[in-house]
Amino acid sequence: MSVRVRFAPSPTGYLHVGGLRTALYNYLFARNKGGKMIIRIEDTDRTRFVENAQENLISALQWAGITFDEGPGFGGDYGPYIQSERFDLYSKYAQDLIESGSAYYAFDTAEEIEAMRERQKKAGIAPKYDRATMKNQFTLGEQETQRLIDEGIEKVVRLKVPFNEEIKFKDIIRGDVSVKTKDVDDQILLKSDGFPTYHLANVVDDHLMKISHVIRGEEWLPSTPKHVLLYKSFGWEMPEFAHLPLLLNNNKTKLSKRHGDVAVEDFRQKGYIKEAFVNFVSLLGWNPSGDNEIHSLDYLIEHFNLEKVNKGGAIFDRPKLLWMNSMYLRKQSSEEIYEMLIEDLKSAGIDKPKDYVLEVITLLKERINFANDLVEFADYMWGKPSSFDEKFKAKQWKEGTEELVRPAIELLKTADKWEVDTLHKLIEDYLNEKGVGFGKLMNPLRLMITGKSVGAGMFETMVILGREECLERFDEFFIKMENGEI
RNA sequence: GGUCCCUUCGUCUAGUGGUUAGGACAUCGCCCUUUCACGGCGGUAACACGGGUUCGAGUCCCGUAGGGAUCACCA
């Protein structure tokens, strides 16, 4: 059987990182097996529909490098791939189920259902639709049921879950799972508005679209028995199931918004490199073995193996993601980082020649986590320092510092070429003669030029800034100091 | 609470009966160094617990504990 998998999001908001991980594993599996990757939009709940959500979902997926073979806008022979456009299909299948005795009509109102649950709660039993006492096809009888249908009374279709049976299914990740039918609710299949619930639509579409493997989040595990029942009722061959472990907050609960960003779009906007992000997410719950953890998408595809996916949930460890990003950032060319940085630079009102920006990037890229860190981190490369690090000054600018610095600057002025080697030699000779260590002079110079305690090599920095600029900064520093501004 | 699922360093994990239990992030120390990083070297740190099975168990089985998910006319 050829491999066909799908990612089936609801257009109710942005793409969650958990959703991305699910999509990614589907994708890795499909590509590894030479199968098809399908995207299907599950918009059967019109009350939660969000405008543009579908577009946002797809654009986030594509940003991450996930491609689709079939889906809305991608073609395919099993469309339409949006469930609301398949509306008519579902009631037909629900009808089949009723005729075969696997489902039935029910007419209870929301209030009646609520009252039933209250009773059950008081009695200390698990809330579950009570087929024997509620208002449905069985308690009402054929004639009354038909009358209500003819009258157009609101109705739903429920799954008739058999008594006292055991439902068993195999999960690729978890092995054999079994549940007793007495614990399974008579799930609503067709809502009173005529739309199917997830359970019906999902099973019908997976079958019609010839899905071979259902790879989804663990939160679906408890409802899988209902799906198994549905496949059996229809007499359809079942796909294989693989329930992925959850992505967790630091407190081990399901990854959620109140513990930080969870939308893929947020990470994209923060400046994460997509390859780094995908690499990191792919390793949450699975790993191709070996000591290295930096992998290309192709490598991940080549080694992906569903059976090796872990069972336990994985905490979304943001510090490690940050590290992963900096690893990728350092591998980027200055040209690539320039592309990531240029918009942020512009919006910060910084306008420098490209060659200059490129030099700054090359000088500093190993010291940052994100391309746009450079806006702040390298502020002294975009303009004169607006402030000077107090602590650094207190530590580095002491008695005698000025007497050491002034002659050094005079010496720098005599440099025939403003190049690293030349400047270095000049200073080295000067310090040797004085019998003073490099730090004594270089730290004060760093303060004067950058205002900061951290940065790249001082000579390299000075060369990129240029002779005029540096000398100006020295002068201004002394003036400000004399005015007591520093 | 019922049901189901899960459990190796703080975190992500390797490990498929015999390992000094390995790697990565984080953390700590040392080295490199004009600062901060990077890099290099090293350290602290884990098989939840209790029973079995076995010559031998992180690996298999059963309990216990802990955690999580789920119990909608949402997906």
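In this report, the structure presented in the accompanying data block is examined. (Residues numbered from 1 in each chain as written. Chains lettered and ligands numbered in written order. Predicted model: local features only at pLDDT ≥ 70, side-chain atom pairs only at ≥ 80, totals over all residues. Heavy atoms only, no water.)

### Remarks on the pattern of salt bridges
Next, step 1: All told, the structure shown has 28 salt bridges when counted by the stated rule.
Next, step 2: Between Glu151 and Arg147 there is a salt bridge; the shortest N-O distance is 2.2 Å. A residue pair is termed a helical-turn pair when its members lie 3 or 4 positions apart in one helix, as Glu151 and Arg147 do in helix α6 (residues 142-151) at 4 residues.
Next, step 3: Across the salt bridge formed by Asp429 and Lys425, the nearest N and O atoms sit 2.9 Å from each other. Of this pair, Asp429 and Lys425 both sit in helix α19 (residues 420-434), 4 residues apart, which is roughly one turn of that helix. (Salt bridge = Lys/Arg side-chain N within 4 Å of Asp/Glu carboxyl O. Helix = DSSP H or I, 4+ residues; strand = E, 2+ residues; numbered from the N terminus.)

### Points about the pairing of strand β3 (residues 103-106)
Next, step 1: Side chains of β3 alternate between two faces, with Ala103 and Tyr105 and Tyr104 and Ala106 buried alike.
Next, step 2: Here β3 runs beside strand β4 (residues 156-159); their pairing, made up of 4 bridges, is antiparallel. Bridging from a neighbouring strand, Tyr104 pairs with Arg158 of β4. (Buried < 20%, exposed > 50% of the residue type's maximum accessible area, 1.4 Å probe, protein only. Pairing = 2+ DSSP bridges.)

### Some details on the protein's contact with RNA strand B
Next, step 1: In the vicinity of RNA strand B there are 61 residues, among which Arg174, Lys191, Gly285, Asn287 and Arg367 approach most closely.
Next, step 2: Atoms of RNA strand B within 4 Å of the protein belong to the sugar or the phosphate in 73% of instances, the rest to bases.
Next, step 3: The side chain of Glu293 places a nitrogen or oxygen atom 2.8 Å from a base nitrogen of RNA strand B.
Next, step 4: Taken together, the elements giving at least two residues each to the surface near RNA strand B come down to β4, β6 (175-180), β11 (314-315), α12 (318-331) and α20 (438-450).
Next, step 5: Counting residues per element, the surface near RNA strand B draws most heavily on α20, at 5 residues.
Next, step 6: For the surface near RNA strand B, the per-class residue count stands at 21 nonpolar, 17 polar and 23 charged. (Near = heavy atom within 4 Å. Polar contact = N/O pair within 3.5 Å; in protein donor to acceptor, adjacent residues only side chain to side chain. Nonpolar A, V, L, I, M, F, W, Y, C, P; charged D, E, K, R; others polar.)

### Quick notes on unusual backbone geometry
Next, step 1: Residue Gly79 is joined to Pro80 through a cis peptide bond whose omega torsion reads -5 degrees.
Next, step 2: Take Pro80: it is sitting in the loop between α2 (53-63) and α3 (87-99).
Next, step 3: In this structure, Asn52 takes a positive phi of about 70 degrees despite not being glycine.
Next, step 4: Its place among the elements puts Asn52 in the loop between β2 (36-39) and α2.

### Description of the sheet that holds β3
Next, step 1: Within the open sheet, the 3 strands sit side by side as β3-β4-β7. Their pairing is antiparallel. Only two strands of the sheet have a single partner each, and these edge strands are β3 and β7 (188-190). In this sheet, neighbouring strand axes are inclined to one another by 45 degrees on average, regardless of whether the strands run parallel or antiparallel.
Next, step 2: With 2 bridges connecting them, β4 and β7 associate as antiparallel partners. Bridging across to β7, Val157 finds its partner in Leu190. (Axes fitted to C-alpha atoms, helices over the stretch in contact; angles between N-to-C directions.)

### What to know about helix α18 (residues 401-413)
Residues spaced three or four apart along an α-helix face the same direction, because each turn holds 3.6 residues.
Next, step 1: End to end, α18 covers 19 Å across 13 residues, agreeing with the expected 18 Å (1.5 Å per residue, within 8%).
Next, step 2: Among all positions of α18, only Thr401, Leu404, Val405, Ala408, Ile409 and Leu412 are buried. Buried residues of α18, viewed axially, fall in a sector of 125 degrees; they line one side. (Expected span 1.5 Å × (residues − 1). Arc of directions from axis to C-beta.)

### As for the packing of helix α13 (residues 334-347) against helix α14 (residues 354-364)
Next, step 1: At their nearest, the axes of α13 and α14 sit 10 Å apart, and the two run at 110 degrees to each other. Taken together, the axes of α13 and α14 lie roughly perpendicular to each other. As α13 packs across α14, the resulting crossing turns out to be right-handed. Residues Ser334, Glu335, Ile337, Tyr338, Leu341 and Leu345 of α13 lie in contact with α14, whose contacting residues are Lys354, Val357, Leu358, Ile361 and Thr362.
Next, step 2: Class assignment for the residues of the contact of α13 with α14 results in 7 nonpolar, 2 polar and 2 charged. (Parallel < 35°, antiparallel > 145°, perpendicular 65-115°, else oblique. Left-handed = near helix turned anticlockwise from the far one by under 90°. Contact = heavy atoms within 4.5 Å.)

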